[in-house]
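Letter by letter, the chains look like this.
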Amino acid sequence: MNTPLRSLLAAGAAGAVLLTAGVSTADAAAFPRYKAPKVFGTTFQSDPGHDFTKGIHTRHDGILRGWITHVSGSVAEYEPIRWKKGTRTEGYFEGPPEGDVTAYASSIAKNVVFLSAYGCKTPGESVTASRSTGLGATRCSTATLVKRHGKTPHPALITVYKGKIVQVQEIYTP
């Protein structure tokens, strides 16, 4: 291959790498990195300073192990969950007991990052979770997030930043 053509291909490849890196860096820079809770933690996460007597409203910035219980327009209601060890199976996730008012509501950011553990089409079509963490690794659309999580609660790590849900990363449970 001649030198000018080789240089042109190398420059094109370098540009493609920079463009790809720019997209992922922009998504990563959209919100700070928070310390994630234990994926299979056995206690409900607290939100110090949150006043549940003032009606349902957004959680403080950070990551909550929880599930979305209802979606209305661009607002999602969600609650914390914990892992309950089973006797016949490994266990299951459970929400707060009946009558507990531990719930939050936040708008879903327009550029929310939804990382699915089950693929973007039909849940269960394929496992797309990381084998090492059990967390979703396939990016899907906001419409898929609303459709899937608005119907049935799915365990996830929900990241809130400036009062908006900016990332939802599903937790794989067989």
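Colleague: So what's going on with the overall build of the protein? Which residues, and what values?
Modeller: For the protein, the count of helices and strands is two helices and eight strands. When its helices and strands are written in sequence order, the protein yields α-β-β-β-β-β-β-α-β-β. Taken over 174 residues, the protein has a buried fraction of 37%. Look at the contacts in the protein between residues 6 or more apart in sequence, and 63% of them connect residues 24 or more apart. For the protein, the exposed area adds up to about 10,400 Å²; of that, 58% sits on carbon and sulfur atoms.

Colleague: Any details on the side chain of Asp47? Residues and values, ideally.
Modeller: Within the fold, Asp47 resides in the loop between α1 (3–29) and β1 (62–72). On the basis of relative accessibility, which here comes to 8%, the residue Asp47 falls in the buried class. A distance of 2.8 Å separates polar atoms of two side chains, one belonging to Asp47 and the other to His60. The contact partners of Asp47, leaving out residues within four places of it in the chain, are Arg59, His60 and Tyr104.

Colleague: Account for the pattern of salt bridges, naming residues and giving values.
Modeller: Where side chains of opposite charge bring their charged atoms close, a pairing between them can arise. Under the counting rule described, the total for this entry stands at three salt bridges. The closest approach of N and O atoms between Arg82 and Glu94, which form a salt bridge, is 2.8 Å. Of this pair, Arg82 sits in strand β3 (residues 82–85) while Glu94 is found in strand β4 (residues 91–94), placing the two residues twelve residues apart along the sequence. For Glu170, the salt bridge is made with Arg148, and the minimal N-O distance between the two is 3.3 Å. Here the residue Glu170 occupies a position in strand β8 (residues 164–170), and Arg148 occupies one in helix α2 (residues 142–151), the gap between them amounting to 22 residues.

Colleague: Could you give an account of α2, with specific residues and numbers?
Modeller: Among all positions of α2, only Thr144, Leu145, Arg148 and His149 are buried. Down the axis of α2, the smallest arc covering the buried residues is 100°, so these residues share one side. In α2, the exposed residues that point more than 90 degrees away from the buried face are Ala143, Lys147 and Lys151.

Colleague: Requested: an account of the state of the cysteines, with residues and values cited.
Modeller: The tally for this structure, following the rule as stated, stands at one disulfide. A disulfide bridge connects Cys120 with Cys140, and the sulfur atoms are separated by 2.0 Å. On the sign convention where negative means left-handed, the S-S torsion of about -90° between Cys120 and Cys140 marks this disulfide as left-handed. Within this pair, whereas Cys120 is found in the loop between β5 (104–116) and β6 (138–140), its partner Cys140 is found in strand β6, the two being separated by 20 residues in sequence. Judged by its relative accessible area of 7%, Cys140 falls in the buried class.

Colleague: Could you give me a rundown of the confidence of the model for the protein, with the residues and numbers involved?
Modeller: This prediction gives the protein a mean pLDDT of 81; 81% of its residues lie at or above 70. Per-residue pLDDT stays below 50 along residues 1–29; that stretch engages in four contacts with residues further than four places along the chain or on separate chains.

Analysis parameters
Residues numbered from 1 in each chain as written. Predicted model: local features only at pLDDT ≥ 70, side-chain atom pairs only at ≥ 80, totals over all residues. Heavy atoms only, no water. Helix = DSSP H or I, 4+ residues; strand = E, 2+ residues; numbered from the N terminus. Buried < 20%, exposed > 50% of the residue type's maximum accessible area, 1.4 Å probe, protein only. Contact = heavy atoms within 4.5 Å. Areas by Shrake-Rupley, 256 points an atom, 1.4 Å probe, with all protein chains shown as cover. Polar contact = N/O pair within 3.5 Å; in protein donor to acceptor, adjacent residues only side chain to side chain. Salt bridge = Lys/Arg side-chain N within 4 Å of Asp/Glu carboxyl O. Arc of directions from axis to C-beta. Disulfide = S-S within 2.5 Å. pLDDT = per-residue confidence, 0-100.

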